[in-house]
Amino acid sequence: IIENGIPEIEFRARDNARQALGLESGEFCVGFVGRLTAQKRPEIFCELIRLSAQNDSSIRGVLVGDGDLAGDLKCKFAGEADAGLITFLGHQRASD
């Protein structure tokens, strides 16, 4: 038997988590969780959120993680972040 490599954590209730992220009830949230590095290509995720929002204004993107590209992504997609379209949460611990 191979045990789970990540300890089990208790997740927040959906409504509480959405409220903490500043999401309205009708908004559709898409998430990226990982290192913000060239290998993971997080800029594609951000670009897809931007393009998708042109067709559906309820779409929001949330990035969880940190890495070499964090600063560049925040600069490149600053307008989207200011408009609430993309949220950069940075590194999160399981208890956050």
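*Asks:* Hey, could you go over the sheet that holds strand E2 (residues 59–64) for me, with residue numbers and the actual values?
*Replies:* Judged by pairing direction, the sheet is parallel, and its three strands sit side by side in the order E1-E2-E3 without closing on themselves. At either end of the open sheet lies a strand with only one pairing partner, and these are strand E1 (28–33) and strand E3 (86–90). For this sheet the average axis-to-axis angle between neighbouring strands, irrespective of direction, equals 20 degrees. Bridge analysis of E1 against E2 gives six bridges, and the strand direction is parallel. Bridged to Phe32 within E2 is Leu63.

*Asks:* An account of the packing of aromatic side chains is needed here, citing residue identities and associated values.
*Replies:* Considering all chains together, one arrives at one aromatic pair under this definition. Here Phe32 and Phe45 contribute two aromatic rings whose centre-to-centre distance is 5.7 Å and whose plane-to-plane angle is 45 degrees, an arrangement assigned as tilted. Note that Phe32 is positioned in strand E1 and Phe45 in helix H2 (residues 42–55), a separation of 13 residues in sequence. According to the relative accessible area criterion, Phe45 is buried, its value standing at 12%.

*Asks:* I'd like to hear about H2, residue by residue, with values.
*Replies:* Here H2 is 14 residues long and its end C-alpha atoms lie 21 Å apart, about the 20 Å a rise of 1.5 Å per residue gives. Taken residue by residue, H2 has Pro42, Phe45, Cys46, Ile49 and Ala53 as its buried positions. Along the axis of H2, the buried residues cluster in a sector spanning 100 degrees; they form a single face. Turned more than 90 degrees away from the buried face of H2 sit Gln54 and Asn55, all of them exposed. Packing partners of the buried residues in H2 comprise E1, E2, helix H3 (70–76) and E3.

*Asks:* Kindly report on the pattern of salt bridges, identifying the contributing residues and their values.
*Replies:* Scanning all chains against the criterion turns up four salt bridges. For the salt bridge of Arg41 with Glu43, the shortest nitrogen-to-oxygen distance reads 3.3 Å. Look at Arg41 and you get partly exposed, because its relative accessible area is 46%. A salt bridge links Arg50 to Glu47, with the shortest nitrogen-to-oxygen separation between them at 2.9 Å. You can see Arg50 and its partner Glu47 sitting in helix H2, three residues apart, about one turn around the helix. Looking at Glu47, the relative accessible area reads 27%, which means it is partly exposed. Overlapping salt bridges bring together Glu47, Arg50 and Glu80 as one network.

Quick notes on the rules
- Residues numbered from 1 in each chain as written.
- Predicted model: local features only at pLDDT ≥ 70, side-chain atom pairs only at ≥ 80, totals over all residues.
- Heavy atoms only, no water.
- Pairing = 2+ DSSP bridges.
- Helix = DSSP H or I, 4+ residues; strand = E, 2+ residues; numbered from the N terminus.
- Axes fitted to C-alpha atoms, helices over the stretch in contact; angles between N-to-C directions.
- Phe/Tyr/Trp six-rings, centres within 6.5 Å; stacked < 30°, edge-to-face > 60°.
- Buried < 20%, exposed > 50% of the residue type's maximum accessible area, 1.4 Å probe, protein only.
- Expected span 1.5 Å × (residues − 1).
- Arc of directions from axis to C-beta.
- Contact = heavy atoms within 4.5 Å.
- Salt bridge = Lys/Arg side-chain N within 4 Å of Asp/Glu carboxyl O.

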